[in-house]
Amino acid sequence: MVLTETTQQPAGSDFLREIKDSPNQSLLPLTATVNAQDHLEIGGCDVTELVQIFGSPLYIMDEHSIRTGCAQYRDGLANNYSGQSLVIYASKALNCLAICALVADEGLGIDVASGGELYTALQAGVDPKKIYFHGNNKSRAELEQALACHCTVVADNWLELKTLAELAPGKSPRVMLRITPGIECHTHEYIRTGHLDSKFGFDPNQVEEVLNLLRNTPSLDFVGVHAHIGSQIFEREPHQDLAGVLVNWLKRASELGLPPQELNVGGGLGIRYTEADDPPSIGEWTATVAQAVEQACQQAQINLPKLICEPGRSLVGTTGVTAYTVGSCKEVPETRTYIAVDGGMSDNARPITYESVYRSLIANKMSQAGTETVSVAGKHCESGDILIKEALLPPAEPEDTLLVMTTGGYGYSMASNYNRLLRPAMVLVHEGIADVIIQRKTYQDLINHDRLPERLSSNPSTTL
Ligand code: LLP
């Protein structure tokens, strides 16, 4: 964080100086500015006004930043790799109709990890040829759904291959293999997947056996290999190493008469949640991966496969923010001040799940210096519902708009209705226009799927 010369205390507007060309390296969306009212604007929209119009909490996604990230990934692979390439958006980071349609409009494919994500991508009009279906325990119904739309299935285990073979006749499903590469990376234990003790993918010592099974099952169209080593990764070496491992498996496949077509290095590029986070840019990361795969293929003397990567967080994480309204402020003498907001762990489960750290500002007091370190508390009946343990903010008052940055990835997608709070709305902002892309839930929505058994409905206190 850069300190202002006059106050020596950072103000909200100082975060604007942090904006870089690569969206994943910026704490705020690329279009963030401060207007004459001293309010934060994103995508040409005044954040405080957005809250007045659409209510709070409010997820705000910046279209320009998302499009920029998509283009940097797409061009980064295309310009550094001599073969074909495709970027597929890992939609678990944020899956809804508009975001699927937006990334597809930028030419990206989509990675889905459940029947629900697949359904949404299809309803958004995404070309099934560019959809890849992941998951370590896809049900038979989900596999049928995948075969019906002809998307690619990334097979994770023996049961899936058996079921696919049963369903395959007449359909020739495209099948990729997810293999655990045994590559360690330094990230949170829960989001690390490349090490051998992982629930995902085939064990490397099963590769020979599984390739042989595919060779003997011509109804399955083997297209290549996939691995995902983890998420929020700042080093480039793990993906360089991964390139070599994946290419060796493709070479083995080709020796067994299964010509390699595609190689998928997964996602995982990290983002800047705080000033301490220093991930490579999307351009640097794609160049590293493309060059590593090309070199490994030259060494192994195999034709260049189509190179695929599947970023999630680095496309939507920093391009989204959550705006809250400040409510009660509680001072515990000589201990701390709690600033309570109108959301919490139900709209952002990451602090309580991973102890994730976020930065915040008061969107209607952008030039005011931070004077006090406070805790930003949610409104759930749970002491651990603290969004930010230590936030340096200007004096906050009820009705201020408190903004938490970098919530675009795994915020809404991991949200819940805990305490029957209503899931917030999401707007997509662009050049002064804000479109609601997810409506706020209503109280009626909360009970829409509740059913009251006859024997209870006679009780007057529960009659609707
Ligand atoms: N591909 C596969 C197969 C994945 O499992 C994931 C993420 C990705 C791609 C995208 O990874 P990314 O580029 O977003 O790092 N809920 C956690 C993150 C879980 C990541 C799950 N898999 C969090 O909030 O940090």
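Remember, predicted model here, so these are calculated numbers, not experimental data. (Residues numbered from 1 in each chain as written. Predicted model: local features only at pLDDT ≥ 70, side-chain atom pairs only at ≥ 80, totals over all residues. Heavy atoms only, no water.)

**Digging into the site of the ligand**
Phase 1 of the analysis: Taken together, 20 residues sit near the ligand, with Ser231, Glu310, Arg313, Arg350 and Tyr410 positioned nearest.
Phase 2 of the analysis: At 3.0 Å, a backbone N or O of glycine 268 approaches an oxygen atom of the ligand.
Phase 3 of the analysis: The backbone of glycine 312 places a nitrogen or oxygen atom 2.8 Å from an oxygen atom of the ligand.
Phase 4 of the analysis: Looking at the shell around the ligand, you find at least three residues from each of domain 1 (12-62 + 317-447) and domain 2 (64-316). (Near = heavy atom within 4 Å. Polar contact = N/O pair within 3.5 Å; in protein donor to acceptor, adjacent residues only side chain to side chain. Domains from an automatic or database assignment.)

**Some details on the environment of leucine 214**
Phase 1 of the analysis: Here leucine 214 is to be found in helix H7 (residues 207-215).
Phase 2 of the analysis: The buried category is assigned to leucine 214, whose relative accessible area is 2%.
Phase 3 of the analysis: Among all residues touching leucine 214, those that are not within four sequence positions of it are Leu161, Leu177, Leu220, Phe222 and Leu258. (Helix = DSSP H or I, 4+ residues; strand = E, 2+ residues; numbered from the N terminus. Buried < 20%, exposed > 50% of the residue type's maximum accessible area, 1.4 Å probe, protein only. Contact = heavy atoms within 4.5 Å.)

**Concerning the sheet that holds strand E6 (residues 109-112)**
Phase 1 of the analysis: With parallel pairing, eight strands are arranged side by side around a closed barrel as E5-E6-E7-E8-E9-E10-E11-E12. Taking the axes of each pair of neighbouring strands and ignoring which way they run, one obtains an average angle of 30° across the sheet.
Phase 2 of the analysis: Of the strand pairs in this sheet, strand E11 (residues 262-264) and strand E12 (residues 306-309) are connected by three bridges, and their pairing is parallel. The residue bridging glutamate 262 from the neighbouring strand is lysine 306, located in E12.
Phase 3 of the analysis: Where helix H8 (residues 237-255) meets the sheet, its contacts fall on strand E10 (221-226) and E11, and the angle it forms with E10 comes to roughly 155°. (Pairing = 2+ DSSP bridges. Axes fitted to C-alpha atoms, helices over the stretch in contact; angles between N-to-C directions.)

**Side note on the pattern of salt bridges**
Phase 1 of the analysis: Applying the stated criterion across every chain, the model contains 19 salt bridges.
Phase 2 of the analysis: Put simply, aspartate 75 and arginine 74 hold a salt bridge, and the shortest N to O gap is 3.4 Å.
Phase 3 of the analysis: By relative accessible area, which is 30% here, arginine 74 ends up partly exposed.
Phase 4 of the analysis: Notably, a salt bridge pairs aspartate 111 with lysine 92, separated by 3.6 Å at the nearest N-O pair. (Salt bridge = Lys/Arg side-chain N within 4 Å of Asp/Glu carboxyl O.)

**Quick word on the environment of lysine 441**
Phase 1 of the analysis: Along the polypeptide, lysine 441 turns up in the loop between strand E20 (433-438) and helix H12 (443-448).
Phase 2 of the analysis: Separated by 145 residues in the primary sequence, lysine 441 and alanine 296 place their C-alpha atoms 50 Å from one another.

**A look at the pairing of E20**
Phase 1 of the analysis: Pairing of strand E19 (residues 425-430) with E20, which is carried by five bridges, proceeds in the antiparallel orientation. Each residue of the ladder has a partner; that of histidine 430, found in E20, is isoleucine 433.
Phase 2 of the analysis: Here E19 hands over to E20 after two residues, with glutamate 431 in that stretch at a positive phi of 45°.

**Considering the sheet that holds strand E1 (residues 33-34)**
Phase 1 of the analysis: If you trace the three strands from one edge of the open sheet to the other, you get E1-E2-E3, paired in antiparallel fashion. The sheet terminates laterally at E1 and strand E3 (45-46), the two strands that pair on one side only.
Phase 2 of the analysis: Bridging between E1 and strand E2 (residues 40-42) involves two bridges; their strand directions are antiparallel. Among the inter-strand pairings, threonine 33 is bridged to a residue of E2, identified as glutamate 41.

**Topic: helix H3 (residues 97-105)**
Phase 1 of the analysis: Those residues of H3 not exposed but buried are Ile99, Cys100, Leu102 and Val103. All buried residues of H3 fall inside an arc of 165° around its axis, so they share one side.
Phase 2 of the analysis: Backbone geometry just downstream of H3 places glycine 107 in the positive-phi region, at approximately 90°. (Arc of directions from axis to C-beta.)

**Things to note about empty space enclosed by the protein**
Phase 1 of the analysis: Considering all chains together, one arrives at one cavity of 30 Å³ or more under this definition.
Phase 2 of the analysis: The space that makes up the largest cavity amounts to roughly 30 Å³.
Phase 3 of the analysis: The wall of the largest cavity is formed by Ile339, Glu372, Val374, Leu393, Pro394, Pro395 and Ala396.
Phase 4 of the analysis: Grouping the constituent residues of the lining of the largest cavity by class yields six nonpolar, no polar and one charged. (1 Å grid on protein atoms, 1.4 Å probe; cavity = no way out; pocket = protein on both sides within 12 Å on 5 of 7 lines; lining within 4 Å. Points joined across faces, edges and corners; volume = space filled by probe spheres on them. Nonpolar A, V, L, I, M, F, W, Y, C, P; charged D, E, K, R; others polar.)

**Focus on unusual backbone geometry**
Phase 1 of the analysis: For the bond running from serine 56 to proline 57, omega is 0°, close enough to zero to count as cis.
Phase 2 of the analysis: Take proline 57: it is sitting in the loop between helix H1 (47-54) and strand E4 (58-62).
Phase 3 of the analysis: Although it is not a glycine, glutamate 334 adopts a positive phi angle of roughly 60°.
Phase 4 of the analysis: Here glutamate 334 shows up in the loop between strand E13 (320-332) and strand E14 (336-341).
Phase 5 of the analysis: Look at glutamate 334 and you get exposed, because its relative accessible area is 86%.
Phase 6 of the analysis: Although it is not a glycine, tyrosine 410 adopts a positive phi angle of roughly 60°.
Phase 7 of the analysis: The residue tyrosine 410 is located in the loop between strand E18 (401-404) and E19 in this model.

**Examining the nonpolar core**
Phase 1 of the analysis: Membership of the largest hydrophobic core comes to 83 residues, with the highest contact counts inside it found for Tyr89, Leu161, Leu164, Leu177, Val265, Val293 and Leu307.
Phase 2 of the analysis: Looking at this core element by element, the count peaks at nine residues for helix H9 (residues 282-300).
Phase 3 of the analysis: Here tyrosine 89 is in contact with Leu94, Ile99, Val103, Leu108, Gly109, Ile110, Asp111, Pro311, Gly312, Leu315 and Val316, once residues within four sequence places are set aside.
Phase 4 of the analysis: Judged by nonpolar contacts, the second largest core, of 22 residues, contains Leu28, Ala32, Val321 and Met366. (Core = buried A, V, L, I, M, F, W, Y, C linked by side-chain atoms within 4.5 Å.)

**Digging into the layout of surface pockets**
Empty pockets left among the atoms are what a rolling probe the size of a water molecule brings to light.
Phase 1 of the analysis: Reported here for the second largest pocket is a volume of approximately 260 Å³.
Phase 2 of the analysis: Taken together, 21 residues make up the lining of the second largest pocket; nearest its centre are Pro10, Phe15, Arg359, Ser360 and Leu392.
Phase 3 of the analysis: At the level of secondary structure, the elements contributing two or more residues to the lining of the second largest pocket comprise strand E15 (360-362) and strand E17 (386-393).
Phase 4 of the analysis: For the lining of the second largest pocket, the leading source of residues is E17, giving four residues.

**Some points on the domain arrangement of the chain**
Phase 1 of the analysis: Under the domain assignment, the chain is made up of domain 1 (12-62 + 317-447) and domain 2 (64-316).
Phase 2 of the analysis: Relative placement of domain 1 and domain 2: their C-alpha centres are 32 Å apart.
Phase 3 of the analysis: Of the residues lining the interface, 36 residues belong to domain 1; the matching set on domain 2 comes to 33 residues.
Phase 4 of the analysis: Buried area between domain 1 and domain 2, both sides added, is near 2800 Å², and the carbon and sulfur share of it is 58%.
Phase 5 of the analysis: At the boundary of domain 1 with domain 2, the tally comes to two salt bridges.
Phase 6 of the analysis: Across the domain 1-domain 2 interface, the total number found is 21 residue pairs in polar contact (both at pLDDT 80 or more).
Phase 7 of the analysis: Put simply, the parts of the chain that give the side of domain 1 that touches domain 2 at least two residues each are E4, helix H11 (350-354), E19 and E20. (Buried area = accessible area lost by both parts, 1.4 Å probe.)

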